[in-house]
Amino acid sequence: MTQTSAVSTAETVTLRDMANAVRALSMDAVQAANSGHPGMPMGMADVATVLFTEFLKFDPRNPGWPDRDRFVLSAGHGSMLLYSLLWLTGYDSVSLDDIRNFRQLGSPCAGHPEYGHVPGVETTTGPLGQGIATAVGMALAERMQAARFGGDVVDHHTYVIAGDGCLMEGISQEAISLAGHLRLSKLIVLFDDNGISIDGPTSLATSEDQQARFRAAGWNAVGVDGHDPAAVAQAIRGAQSSDRPTMIACRTVIGYGAPNKQGTASTHGSPLGDVEIAAARERLGWTAAPFDVPGEVLDAWRSAGARGAAARNAWQARHAALAAQARAEFDRRQRGDLPAGLDDAIAAYKRELVGKPVNVATRKASEMALEVINATVPETVGGSADLTGSNNTRTKAQQPVTPDDFGGSFIHYGVREHGMAAAMNGLALHGGLIPYSGTFLVFTDYCRPAIRLSALMGQRVVYVMTHDSIGLGEDGPTHQPVEHLASLRAMPNINVFRPADAVETAECWQLALESRGTPSVLALSRQNLPQVRLTDAAGNACARGAYVLLPADGEARVTLFATGSEVGIAVDARARLQEAGIPTRVVSVPSFELFERQPDDYRATVLGRNTVRIAVEAGVRQGWERFIGEDGAFVGMSGFGASAPAKALYEHFGITADHVVAEAKARL
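Predicted model only: the values in this text are computed from it and were never measured. (Residues numbered from 1 in each chain as written. Predicted model: local features only at pLDDT ≥ 70, side-chain atom pairs only at ≥ 80, totals over all residues. Heavy atoms only, no water.)

1. Points about the pattern of salt bridges
Now for step 1: Scanning all chains against the criterion turns up 33 salt bridges.
Now for step 2: For Glu-617, the salt bridge goes to Arg-489, with nearest N and O atoms at 2.8 Å. With a gap of 128 residues between them, Glu-617 in the loop between strand S17 (612-616) and helix H24 (625-628) and Arg-489 in helix H19 (residues 484-489) connect regions that are remote in the sequence.
Now for step 3: Note on Glu-617: relative accessible area 1%, which makes it buried.
Now for step 4: The shortest N-O distance in the salt bridge between Arg-603 and Asp-600 comes to 2.5 Å. Linking Arg-603 with Asp-600, this pair stays in helix H23 (residues 600-607), spanning 3 residues, or about one helical turn.
Now for step 5: Under the relative-accessibility criterion, Arg-603 is labelled partly exposed at 22%.
Now for step 6: It is possible to trace a salt-bridge network through shared partners that takes in Glu-142, Arg-143, Asp-155 and Lys-186. (Salt bridge = Lys/Arg side-chain N within 4 Å of Asp/Glu carboxyl O. Helix = DSSP H or I, 4+ residues; strand = E, 2+ residues; numbered from the N terminus. Buried < 20%, exposed > 50% of the residue type's maximum accessible area, 1.4 Å probe, protein only.)

2. Some words on the sheet that holds strand S15 (residues 558-562)
Now for step 1: If you trace the 5 strands from one edge of the open sheet to the other, you get S14-S16-S15-S17-S18, paired in mixed fashion. At either end of the open sheet lies a strand with only one pairing partner, and these are strand S14 (547-550) and strand S18 (633-635). Strand-to-strand twist in this sheet, taken as the mean axis angle between neighbours without regard to direction, amounts to 30 degrees.
Now for step 2: As defined by bridge partners, S15 adjoins S17 across 5 bridges and the pair is classed as parallel. From the neighbouring strand, Val-558 faces S17, where its bridge partner is Val-612.
Now for step 3: Contacts from helix H21 (residues 567-579) reach S14, S15, strand S16 (584-588) and S17 within the one sheet, and its direction differs from that of S16 by about 170 degrees. (Pairing = 2+ DSSP bridges. Axes fitted to C-alpha atoms, helices over the stretch in contact; angles between N-to-C directions. Contact = heavy atoms within 4.5 Å.)

3. Thoughts on the sheet that holds strand S9 (residues 410-412)
Hydrogen bonds along the backbone pair up the strands of a sheet, which may run parallel or antiparallel.
Now for step 1: Taken together, 6 strands build an open sheet; the order of strands is S9-S8-S10-S11-S13-S12 and the sheet is parallel. If you trace the sheet from one side to the other, it starts and ends with S9 and strand S12 (495-497), each paired once. Strand-to-strand twist in this sheet, taken as the mean axis angle between neighbours without regard to direction, amounts to 20 degrees.

4. Some thoughts on H23
Now for step 1: Listed in full, the buried residues belonging to H23 are Tyr-602, Val-606 and Leu-607. For H23, the angular spread of the buried residues around the axis is 130 degrees, confining them to a single face. Exposed positions of H23 whose direction lies more than 90 degrees from the buried face are Asp-600, Asp-601 and Thr-605.
Now for step 2: Of the surrounding secondary structure, the elements contacted by the buried residues of H23 are S14, S15, S16, helix H22 (592-596), S17 and H24. (Arc of directions from axis to C-beta.)

5. A look at the packing of aromatic side chains
To describe a pair of aromatic rings, you give the distance between the ring centres and the angle between the ring planes.
Now for step 1: As enumerated under the stated definition, the model contains 17 aromatic pairs in all.
Now for step 2: Relative to Phe-102, the ring of Tyr-83 lies with its centre 6.2 Å away and its plane at 65 degrees, an arrangement referred to as edge-to-face. Of this pair, Tyr-83 sits in helix H3 (residues 79-89) while Phe-102 sits in the loop between helix H4 (96-100) and helix H5 (130-149), placing them 19 residues apart in sequence. In this structure, Tyr-83 and Phe-102 share a single accessibility class: buried.
Now for step 3: Through pairs of rings, three or more aromatic residues link up here, namely Phe-561, Phe-592, Phe-595, Tyr-602, Trp-624 and Phe-627.
Now for step 4: When the ring centre of Phe-410 is taken as reference, the NZ or CZ atom of Arg-394 above it lies at 5.7 Å.
Now for step 5: Lying over the aromatic face of Phe-592, Arg-489 brings its terminal NZ or CZ to 3.8 Å of the ring centre. (Phe/Tyr/Trp six-rings, centres within 6.5 Å; stacked < 30°, edge-to-face > 60°. Lys NZ or Arg CZ within 6 Å of the ring centre and 35° of its normal.)

6. Structural notes on the side chain of Arg-498
Now for step 1: Following the sequence through the fold, Arg-498 ends up in the loop between S12 and helix H20 (502-514).
Now for step 2: In this structure Arg-498 comes out as buried when scored by relative accessible area, which is 1%.
Now for step 3: Only 2.8 Å separates the side chain of Arg-498 from the side chain of Thr-563, close enough to count as a polar contact.
Now for step 4: Apart from the residues within four sequence positions on either side, Arg-498 is in contact with Asp-468, Ser-469, Leu-485, Glu-504, Ala-523, Thr-563, Gly-564, Ser-565, Glu-566, Pro-590, Glu-617 and Ala-618. (Polar contact = N/O pair within 3.5 Å; in protein donor to acceptor, adjacent residues only side chain to side chain.)

7. Section: the pairing of strand S7 (residues 246-251)
Now for step 1: Across the 6 residues that make up S7, a large majority, 5, are buried.
Now for step 2: Two strands pair when backbone bridges link them, and strand S3 (residues 187-193) and S7 are joined in this way by 6 bridges, in the parallel orientation. Counterpart to Leu-190 in the pairing with S7 is Ile-248.
Now for step 3: In the sheet, strand S6 (residues 220-225) pairs with S7 via 6 bridges, with the strands oriented parallel. Bridging across to S7, Gly-223 finds its partner in Ala-249.
Now for step 4: A crossover links S6 with its parallel partner S7, the connecting element being helix H9 (residues 229-240), and its sense is right-handed. (Right-handed = clockwise from strand over helix to strand, strands pointing away.)

8. Here's the deal with helix H17 (residues 417-430)
Turn by turn, an α-helix covers 3.6 residues, leaving residues three or four places apart pointing in a common direction.
Now for step 1: Across its 14 residues, H17 extends 20 Å between first and last C-alpha, which sits within 8% of the 20 Å expected from 1.5 Å per residue.
Now for step 2: For H17, a buried count of 14 out of 14 residues is recorded, marking the element as mostly surrounded by other parts of the structure.
Now for step 3: After H17 finishes, the residue Gly-431 shows a positive phi value of roughly 100 degrees. (Expected span 1.5 Å × (residues − 1).)

9. Comments concerning unusual backbone geometry
Now for step 1: A positive phi angle, near 55 degrees, is found at His-467, a position not held by glycine.
Now for step 2: With respect to the secondary-structure elements, His-467 resides in the loop between strand S11 (462-466) and H19.
Now for step 3: Residues other than glycine seldom take positive phi values, yet Asn-493 does so here, at roughly 55 degrees.
Now for step 4: Structurally, Asn-493 can be placed in the loop between H19 and S12.

Okay, here's the thing in C-alpha cells:
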C-alpha cells in the first residue's frame, strides 16, 4: 500500500532542489567534522529524493508504526544521506545542531547509522554487506507476518541502498541467493552503481555484471540513470509490481556536483575542502550558507514527510477492525512480550525431567525443550544452515517457509551461515518474531560479524550452536571448536550458555527468550551426557550464571568448576575425591556473563574460600582466571583437537576425572 506523492509546497521547488539540500547538508557536515564520506550522499541524493517523496511509506510523527516501509542504508558510510533525509522530512530525533555535530561524541548522527540512537535508522550498518543481508530478514518477516495476520495490517516494502562494496562482500551472495529463492517480491535494492571504491575504479578489483548476477539468483534487475528522477520512479513502480525481488542499478556519479572531484575516489571518504565545496555550490546553484536550507525547499521536504500520516491513520483503522483476540496477539508479539504460559510450561517440563531423568546430548535436549517452547510461543521462527538433523532445531509441528507459503515457522537457510545470522537480525528488528537457528559452534566464525551486530543492536536472536567441543569426534580439528567459547565470551552484550544436561538446557532456553535486549549462543554437545540435575526443579538455577551443583561433604578443600559436557566429569571426580577423604564441591557454570552480574556476596559464596580451584572445560583456558585465579588448575585444551572417537580424544587430551583428581591432589 503506497502513499500518495506530495513532492513540494511550492511550484518553483523541483526534485533537484530537494536533492541539492541533501548534497549541501552532507558536504557541510562532513567538512565540519573533518571526517566522513560525502561522495555517496551526493551521488545518491536524486535517487533517495524520489524514494522518500514518492514511494516510501513512513511517518516521522510515529516512526515505529508496524506497517511502515523499512529503509536500510546498507552503504552505511554514507550516513549523512540518511541523517539529512530524517531531518528534512521532520523527524524530531535529528536536529540541525545534531547534523552540525556529525560524528561528534553525544550526537545521534554517528559515523555510521546506529540502531536505537535515532528513530528512522532501522538497523546498524557500516560493515559492508550487513545491511542488504539484514534487509532480507526484514522482507521475510513482512511476508511471514502477513501470512499470520493478513495483508490489511501487514503490507509494506523493504528498500535498500547498497553500494559496490556491499555487493563485493561475500555475505551479499548468500543474501541475494536466499531472497531470490524465496521470491521476496517486496524487497527492492537500489544499487549505487558509481564504479568507484576507496582504491579507485572498481575495475581494479571486479568485472562482474551485477544485473546478470542478480538475475541468476532469481531477481528482477534493471538499470537506470540515477540522476534522472523520472527513470528512477518508473523503475521503482515496476519493482513494486514484480513477483520477484528487484535490484535497480542506479548509474550515478560519486560526489555529484563537486566539479573537480566528482567521479573520483577522492570524494569517497574525505571532506571535499572549502574550495571544492564553494565550487560545488556554484555548480549546483545552491546559494544558501552552510547548514541553511531555504524555507521553500524545507517546506517541500516537510510536506513530503507529512504525507505518511494518512497512510498511518488508515492502517490504525484497519488494525482496530481486527478481531479483539487477533489484535491483542498482534500487539503482544510486536511489543516482544512472551506468552503468559511459558514459565508454567517450562516448570512442568523440568519437573518431568527430574522425575524421569534422561541421558541425552544437549542438542537433543534443546530439541526437547523447543517442543515445549514452540507449542507455547508461536512467534518463534527456527532454522538451520543445512544441518537440521544435526542441530535438532526443527520440532515436530513446524512447517517450512517456502516461496509459496510463508505460514511456516522453519527456515531452510542452506549453507549460508553468515547470511542466516544477518537475516535473523532482520527478523528480530522487524518485530513480531523471535528467530533462532543453528549450525556447528566452529562456524560461529562464519557468523561472527552478524552476531556482533546482534549484540551491538541488543536484539533477541538465539544462535543454536551444536557440536561444541572435541566431543564431536571423528570430524577432527577443522570442526572441533577450542577457542570459540572464549572468543564469544569476550564479546560485549551476549549471553553464552553451555548447559550440562536437559534441565539446564531448558533453563538456558528460558533465559535466552527472556533476554529481550541481548542475543544468546547456546553451545550444545553432540555426545550424550548424564543428567546431573536430579533435584531442585523449582526456580531457574542457571539464571545465576553459576551455582553449587553438589556441595562438599564436610568443609570443602577443593572446588571444581565446569560447563556443559565436562560437568559430568567434575561430578565423577568429586565422587572419587570424596572417597579419598577430600571434601569437594562442584560448581556448574552455564553462563559467565550472568554470573558476572550477580551480587558480590553471591559470587564470593559460589567461588568459595581457601579451596583448591580447578576448572574443567574442553576449550582453552582464556577467561577462566576469574574463577580459578592465576594459580588455579585448568583441565582442558591448549591446542587444536584431532580426528578420533570422542572417548579416545578426551583420554588423549587428559580431560578425564582421573586427571582432575590428580590435579587436585597435587595442589593440596
